[in-house]
Amino acid sequence: MNLSCVILAAGLGTRMKSALPKVLHRVSGIPMLQAVVDTAKKLSPKRTVIVTGKQRSLIETTIECKSAVYAIQEEAKGTGHALRCARPALRSFRGVILVLNGDTPLLGAHTLKRFLNLHRKNGNAISVLSFEAENPDDYGRIVRDGSGQVLSIVEEKDTDSTQKKVKEVNSGVYAIDHGALDVLDEIEANRKKGEYYLTDIIAAASLRGLRASAFCIGTEEECMGVNTREELYRASLVLRRRILGKWMERGVTILDAGSVFIHPGVSIGKETVIYPNVHLEGNTRIGKNSIIYPNVRIQNSRIGDGVIIKDSTLIEDSRIADRASVGPFARIRPGSKIGREARIGNFVEIKKASIGKASKASHLSYIGDAVVGMNVNIGAGTITCNYDGVDKHKTEIGDGVFIGSGTELVAPVRVGKGAYVGAGTTVTENVPAYSLAMSRMRQRNIEGWARKRKSKVKSQKSRVKNAEQR
Ligand code: UD1
Ligand code: CA
C-alpha cells in the first residue's frame, strides 16, 4: 500500500498549562510526538508530514526523524484546518493518507496495520479508528444509523442527550484516500468554537456519497489522548508497565516495578537484577548478569556483563566494562571509560577519564581528563588538578602505578609505568617509570612542645581574668 502519514501536532495544548508544546511533554522519557513518529516509521510510509504551529523550531530540533517534512499551521484553527495545512506537502501523492495525533502516544503499529487493512478491504474512501471508552466525555462520539452505518462524529460540546450516551468514540486516527482529501474543503467552522473539525469529514463524505466507516478495533488504553498532566501521568504508567513487562519477560529481575523507570531506548541482558529506585535513561545498554543496586541513575551509557553498580551512583554518557564495580555514591561523568574488573568506590568522581583493567580508585577521589593504565592503585583522596582556570589539562598514569593517598597531580603531568608516588605528594613534574616521587616536607618532631604550650595558654588566661576583676 502506498502510504503517507500526517501527524497533527500544532494544537495549543492549553489544558497542559505549560510553555512547552504539549506534544513535547514526555511519556517514559520520550516526547509524545517522538513516540508517534516512531510508530509511524514502523509502517514504512512514503512520506511523513508533521503539522506544527508557532513552536515549530523547538519541535523540529527535538524530534528525531530524518525523513519527516514539516507543514506549518500558523494559527491553531482546529484539526480539520491542520490537515488542510498538510495538503501542499502531499501534492502529487497517490495512495492512502493515515492521519495520526501527536497526543496519542500509546497507539501501536499493530493496531494501525489492522486498521489500514480494513480500510483497504472495505474499499473505503475514508475510515476512522474508534474504540469503546469507559468515560467518553473527552472524545468525539461515533454516531451510527439503525443499520450501523456511520453518519458523523459529534464532539462532547455538540452532543444531544442520546449521543452523549454513546460509548464508541473517535481515536483521532483516519485513513483517507488521496482522492477524498478535497472533502476537507467542505468542512465549515464549528459554530460554538469557530474551529474546523476534522471529525466533520465523515458527515461531509456521506453527503458526497463517498464510502466511509468506523472500525472499532482500538482499546481505550492504547487510544487514550493526552490533554492534561494527569493523563500524561496515566499514559506514562501504561508505557512504563509495558517496558518493565517486556524486560521481565526477557529474563531481567526487577525487584520493585513501582519505582523502576526504564526508557524505551534502553536494553538489558538476561539475569541482570534491578533494585528499587533505579532510573535507566536514553540509549543505555546493560549486559547480562549485572546488578544495579538502589537509587542509581544511568543515562546514555554502556554497562557490560557481570558489572555491579552499587547504591546511589550516577553514570552519564560513559562505558563500564565487564565485571567492573562502581559505587556506592560514585559519579561517573560523560566521556569516561571504566575498564574490565576495575573498581571505583565511594565518593569518587570520574570525568572524561579512562581507567584501565583491574585498576582501583576506592575512596574519595577526583579523576578528570586522565588516562589511567592497568592495575593502577589510586589511594584515597587523590585529586587530578586538571584545570588551571583557563584550560583543562591531561594526566597520564602508566600501568601498575601506585598513587599514595592524598596525592595531587597537577596536570599536564605523566606518571611512568610502575612508579610510586608517596602519600601527600603534589606531583608537578613527570615521574619516570619505576621511580618514587615524593614532595612532602620531611617531618620534624619537637619533644615536649605541647606541654609547654598548655602552661603558656593557662597563664595567659589567668592574666586576662585578673585584669577584668580589677
Ligand atoms: C480530537 C477529536 C476527537 C477525538 C480526540 C481523540 C476533533 C475536533 N476532535 O479531540 O473527536 O475523540 O481528538 O484523542 O478533531 N491539532 C492541530 N491543530 C489544531 C488543533 C489540534 O494540529 O488547530 C492537533 C493537536 O496538536 C493534537 C491533535 O490535533 O495532537 C488533536 O487535537 P486536540 O485539541 O487534542 O483534540 P481533542 O479535543 O482531543
Ligand atoms: Ca487530544
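Preceding block: the structure.
If you're wondering where the values come from, they're calculated on a predicted model, not measured in any experiment.

A. View of the site of ligand 1. Not every one of the 23 residues close to ligand 1 is listed here, only the nearest: Gln73, Gly78, Thr79, Glu155 and Asn170. One of the backbone N or O atoms of Asn170 is found 2.6 Å from an oxygen atom in ligand 1. Placement of ligand 1 is best described as lying within the largest pocket. Every element with two or more residues in the shell around ligand 1 is listed here: α3 (79–90) and β10 (168–177). Each residue belonging to the shell around ligand 1 can be placed in one class, and the counts come to 7 nonpolar, 11 polar and 5 charged.

B. Structural view of the coordination of the calcium ion (ligand 2). Listed as protein donors to the calcium ion (ligand 2) are Asp103 (OD) and Asn227 (OD1); their distances from the metal cover 2.2 to 2.4 Å. Taken together, the positions of Asp103 in the loop between β6 (96–101) and α4 (109–121) and Asn227 in the loop between α7 (220–223) and α8 (229–249) put the pair 124 residues apart, joining distant regions of the chain. Asp103 sits in the buried class, given a relative accessible area of 13%. Since its relative accessible area comes to 9%, Asn227 is described here as buried.

C. A look at the layout of surface pockets. Roughly 1,200 Å³ of internal volume is contained in the largest pocket. Lining of the largest pocket is provided by 39 residues; of these, Arg15, Lys22, Thr79, Asp103 and Asn227 occupy positions nearest its centre. For the lining of the largest pocket, the elements supplying multiple residues, two or more each, are α3 and β10. When residues of the lining of the largest pocket are assigned to their parent elements, the largest contribution, 4 residues, is made by β10. A breakdown of the residues in the lining of the largest pocket according to their chemical character gives 13 nonpolar, 16 polar and 10 charged. If you add up the space inside the second largest pocket, you get close to 780 Å³.

Cut-offs used in this document
- The numbers attached to residues start from 1 for each chain and follow its sequence in the written order.
- Naming scheme: in the order in which they are written, chains are lettered from A and ligands are numbered from 1.
- Given that the model is predicted, a residue must reach a pLDDT of at least 70 before its local features are reported, and side-chain atom pairs must reach 80 or more before they are shown or counted; all residues, however, enter totals for whole chains, interfaces and linings.
- Heavy atoms from the whole structure form the basis of all side-chain values; hydrogens and water molecules are not counted.
- Near is defined per residue: the residue qualifies when any heavy atom it owns lies within 4 Å of the molecule or strand.
- Any pair of nitrogen or oxygen atoms within 3.5 Å is treated as a polar contact; in protein, a donor-acceptor pairing is required on top of that, and neighbouring residues in sequence qualify only through side-chain atoms on both sides.
- Only protein atoms enter the calculation, which uses a 1 Å grid: trapped sets of points that fit a 1.4 Å probe without letting it out are cavities, open sets showing protein on both sides within 12 Å along at least five of seven lines are pockets, and any residue with an atom within 4 Å of a point is a lining residue.
- Grid points define the cavity or pocket, and a molecule sits in it when more than half of its atoms lie within 2 Å of them.
- Secondary structure follows DSSP: runs of H or I at least 4 residues long count as helices, runs of E at least 2 residues long count as strands, and numbering of each begins at the N terminus.
- Classes in brief: Ala, Val, Leu, Ile, Met, Phe, Trp, Tyr, Cys and Pro nonpolar; Asp, Glu, Lys and Arg charged; the others, Gly included, polar.
- Only nitrogen, oxygen and sulfur atoms count as donors, using a 2.8 Å cut-off from the metal that widens to 3.2 Å for Na, K and Ca. Water is left out, so coordination shells may look unfilled.
- Here the term buried applies to any residue with accessible area under 20% of the maximum for its type, exposed to any over 50%, and partly exposed to those in between, with areas from a 1.4 Å probe on protein chains only.
- Grid points are joined across faces, edges and corners, and a volume is the space filled by probe spheres set on the points.

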